[in-house]
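Structural characterization, general
What follows is the residue order along each chain.
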Amino acid sequence: MPQNPYLNVLVTAAFTVFFIIACSYGLGYLAKAIARARGASPKFQESTFAGYFFAAPWIVGFLIFVVVPLGFSLYWSFTDYRIASGEPTKWLGAENYQTILFEDESFRASILNTLYLTVIGLPLQIGVALLLAVLLNQKMRGERIFRMAFYLPVILGFNTAVLLCWRLMLNTGTGIINQLIRMISTAFPPFNYINRGVIYIQEVTAAFFLGLNTGKYNLMMKVIEAGFPAENRVPLWVQSPLWTKMSVILLMVWGCGAMMLIFLAGLNNIPKELHEAAQVDGATPWQRFWKISFPLLTPYIFYNLVVGMISSLQIFEPIFVLYRDNQPIVSSTISMVYYLWQKSFSHFEIGYGSAISWVVLVIILIVTVLQFHLQDRWVTYDIY
C-alpha cells in the first residue's frame, strides 16, 4: 500500500467500488445461469440478472459482515481465545457456557440489572409514549412543533455528545435537573413531599435489587432504618449505586419518541365513528379511551413491547458513557451487553465474550417467542 494516507483512502475506495461491481456482476450472472439451467425464458433470465445485480451489494455485505462474523463467534464461544495472551486458541467445548450459566456471579448480576431496567423502565417508557401520543392526537396550535420536539431525542440518539450532556445535567450539585427539583420544592411545598416519597421508594427498591446481586440486604436495611429522606434531599443520579439504574431508565423514557409515533399512527387509524357513537351515548373521555382506543391500540402496544424489550435487553450506550470511568458504582448498573463488552474488549477474552453474546441471543429469542405466544390473550386485531 502507498505510504500517503490520502492515496491510501483513494486506493481503498477504488478497490471497494471495484469489489462491489464485481460481486454484483458475478452474483447476477450466477443467478441468470441457474435460471437458464431451470429452463426459464430469456426474459425471466434477464429479470433475474437485474434483480440479483442490484441486490448483490446488500447480499454480499450481509454475508461478509453478519454471517461470517456469526460463524466465527459461534466457533470462538467454544474456545479459550484471548487476543492479548499470544497463546494458540484452545478448544473448551461447553465449558464457557457452563461457567456463564452456573458459576459467573457477575453475569448473574448483569441479568438482574437488565431485568430491573426492563421490568421498571420499559413500562414507564411505553406509558409516557402513549400519554404523549394521546396529548398530541388532540388538535391544537403548535402541534407540529410539539411532535418535532418529542421526536427529536430519537434523531439525536444515544451518541456520546448527548449522553455527556445528560451526565452534566444529572450532576447532584450543579445539574439542572436537581436544580429544578429544588426550585419546584421551594415554590410548591407539596411537591417536596412527593419528591421525598419517590426517593424513599426508589432507594428501597434499588437496595433490594442490589441485595439480590450479592445475597446480602444490609444496604436495604440501612435505607429503611434511615427513614423518610430529609427535606433537602435530591436524587443522586450518577453518584450513588441506588440511583444508577434509575438514571438509565430516565434516558430510556426520554427516548420514547419512536414509540410515541407508533401510538400516534394507531390513534389516527381508529375510526372516528366509534368515538362519535360513544359520545352520543354519554361516554366520558376516559371511558372512550379505555373502552375504545386502548383495546384497538393493543397491536401497537404489542409491537412497542416486542421492540422495546429487545432494545432494553441490549442496552449499552448510556451505561458505557455515564459510568465507565466510575468503577465503584458501575457494578450496580452493568447490563448483559456491557458485561459482554467488558469481557471481549476490555479483558480481551474473545471466546468467553462470544459465549455471552450467544447466551444473550438465546434469552432475547426466548422472551420474543414467549411474547408472540401470549399475544392472543390480550391483543385484538378485530377492527383490522
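Throughout what follows, the structure given in this document is the object of discussion. (Residues numbered from 1 in each chain as written. Predicted model: local features only at pLDDT ≥ 70, side-chain atom pairs only at ≥ 80, totals over all residues. Heavy atoms only, no water.)

Structural notes on the overall build of the chain
- Scanning the chain from terminus to terminus reveals 18 helices and 2 strands.
- Against the globule reference of 21 Å for 384 residues, the chain gives a C-alpha radius of gyration of 27 Å, more extended than a compact globule.
- Its C-alpha atoms give the chain principal-axis dimensions of roughly 80 × 65 × 50 Å.
- Looking at the chain as a whole, 39% of its 384 residues qualify as buried.
- Relative to all contacts within the chain whose residues are 6 or more apart in sequence, the contacts with residues 24 or more apart total 69%.
- Accessible surface for the chain amounts to roughly 22600 Å². Of this, 68% is attributable to carbon and sulfur atoms.
- Of the side chains in the chain, 24 bear a positive and 19 a negative charge, and the two mean positions are spaced by 6 Å. (Helix = DSSP H or I, 4+ residues; strand = E, 2+ residues; numbered from the N terminus. Rg over C-alpha atoms; globule rule 2.2 N^0.38 Å. Buried < 20%, exposed > 50% of the residue type's maximum accessible area, 1.4 Å probe, protein only. Contact = heavy atoms within 4.5 Å. Areas by Shrake-Rupley, 256 points an atom, 1.4 Å probe, with all protein chains shown as cover. Lys, Arg positive; Asp, Glu negative; His and termini not counted. Charge placed at Lys NZ, Arg CZ, Asp CG, Glu CD.)

A look at the pattern of salt bridges
- Counted by the stated rule, this structure contains 5 salt bridges.
- Measuring nitrogen to oxygen at the nearest pair gives 2.5 Å for the salt bridge that ties Glu203 to Arg233. Remark: Arg233 occurs in the loop between helix H9 (218-226) and helix H10 (244-254) and Glu203 occurs in helix H8 (residues 189-214); sequence separation between them is 30 residues.
- Using a relative accessible area of 9% as the deciding quantity, one classes Glu203 as buried.
- A relative accessible area of 23% places Arg233 in the partly exposed class.
- In this structure, the salt-bridge partner of Lys343 is Glu349, at a minimum N-O distance of 3.9 Å. Summarising the burial analysis for this pair, Lys343 and Glu349 share the class buried. (Salt bridge = Lys/Arg side-chain N within 4 Å of Asp/Glu carboxyl O.)

Describing the side chain of Ser185
- Of note, Ser185 is situated in helix H7 (residues 176-187).
- Residue classification places Ser185 among the buried positions, given a relative accessible area of 13%.
- Within the structure, the side chain of Ser185 is placed 2.7 Å from the backbone oxygen of Ile181, a separation counted as a polar contact.
- Beyond its immediate sequence surroundings of up to four residues, Ser185 is in contact with Phe191, Asn192 and Asn195. (Polar contact = N/O pair within 3.5 Å; in protein donor to acceptor, adjacent residues only side chain to side chain.)

Some remarks on the nonpolar core
- Of all hydrophobic cores here, the largest spans 76 residues; its most connected members are Phe263, Tyr323 and Ile356.
- The element best represented in this core is helix H4 (residues 105-136), accounting for 10 residues.
- Apart from residues no more than four positions distant in its own chain, Ile356 is found in contact with Ile100, Phe107, Met336, Tyr339, Leu340 and Lys343. (Core = buried A, V, L, I, M, F, W, Y, C linked by side-chain atoms within 4.5 Å.)

Some remarks on a nonpolar patch on the surface
- Together, Phe15, Phe19, Ile20, Trp58, Phe62, Leu63, Ile64, Phe65, Val66, Val67 and Leu70 make up an exposed nonpolar region whose accessible area comes to about 1100 Å².
- Mapped onto the nonpolar patch, the elements with two or more residues apiece are helix H1 (5-37) and helix H2 (42-76).
- The element contributing the most residues to the nonpolar patch is H2, with 8 residues.
- The topology assignment puts Val67 in helix H2.
- Relative accessible area serves as the criterion here: at 36%, Val67 is assigned to the partly exposed category. (Patch = residues over 30% accessible without salt bridge, like charges linked within 9 Å, V, L, I, M, F, W, Y side chains within 5 Å.)

Here's the deal with the packing of helix H5 (residues 143-156) against helix H11 (residues 257-269)
- Put simply, H5 and H11 touch, their axes get as near as 7 Å, and they point 130 degrees apart. Classified by the angle their axes make, H5 and H11 are oblique. On H11, the residues that touch Arg147, Phe150, Tyr151 and Val154 of H5 are Gly257, Ala258, Met260, Leu261 and Leu264.
- Partitioned by chemical class, the residues of the contact of H5 with H11 number 7 nonpolar, 1 polar and 1 charged. (Axes fitted to C-alpha atoms, helices over the stretch in contact; angles between N-to-C directions. Parallel < 35°, antiparallel > 145°, perpendicular 65-115°, else oblique. Nonpolar A, V, L, I, M, F, W, Y, C, P; charged D, E, K, R; others polar.)

Topic: the side chain of Ser73
- Within the fold, Ser73 resides in helix H2.
- Assessed through its relative accessible area of 13%, Ser73 is described here as buried.
- A distance of 3.1 Å separates polar atoms of two side chains, one belonging to Ser73 and the other to Trp358.

Digging into the environment of Ile199
- Along the chain, Ile199 falls in helix H8.
- Separated by 148 residues in the primary sequence, Ile199 and Gly51 have C-alpha atoms spaced 59 Å apart.
- Once residues lying within four places of it in the same chain are set aside, the contact partners of Ile199 are Pro229, Arg233, Val234, Pro235 and Trp243.

Some points on unusual backbone geometry
- The residue Phe348 is not glycine, and still its phi comes out positive at about 60 degrees.
- With respect to the helices and strands, Phe348 occurs in the loop between helix H17 (336-346) and helix H18 (350-374).
- Judged by relative accessible area, which is 36%, Phe348 ranks as partly exposed.

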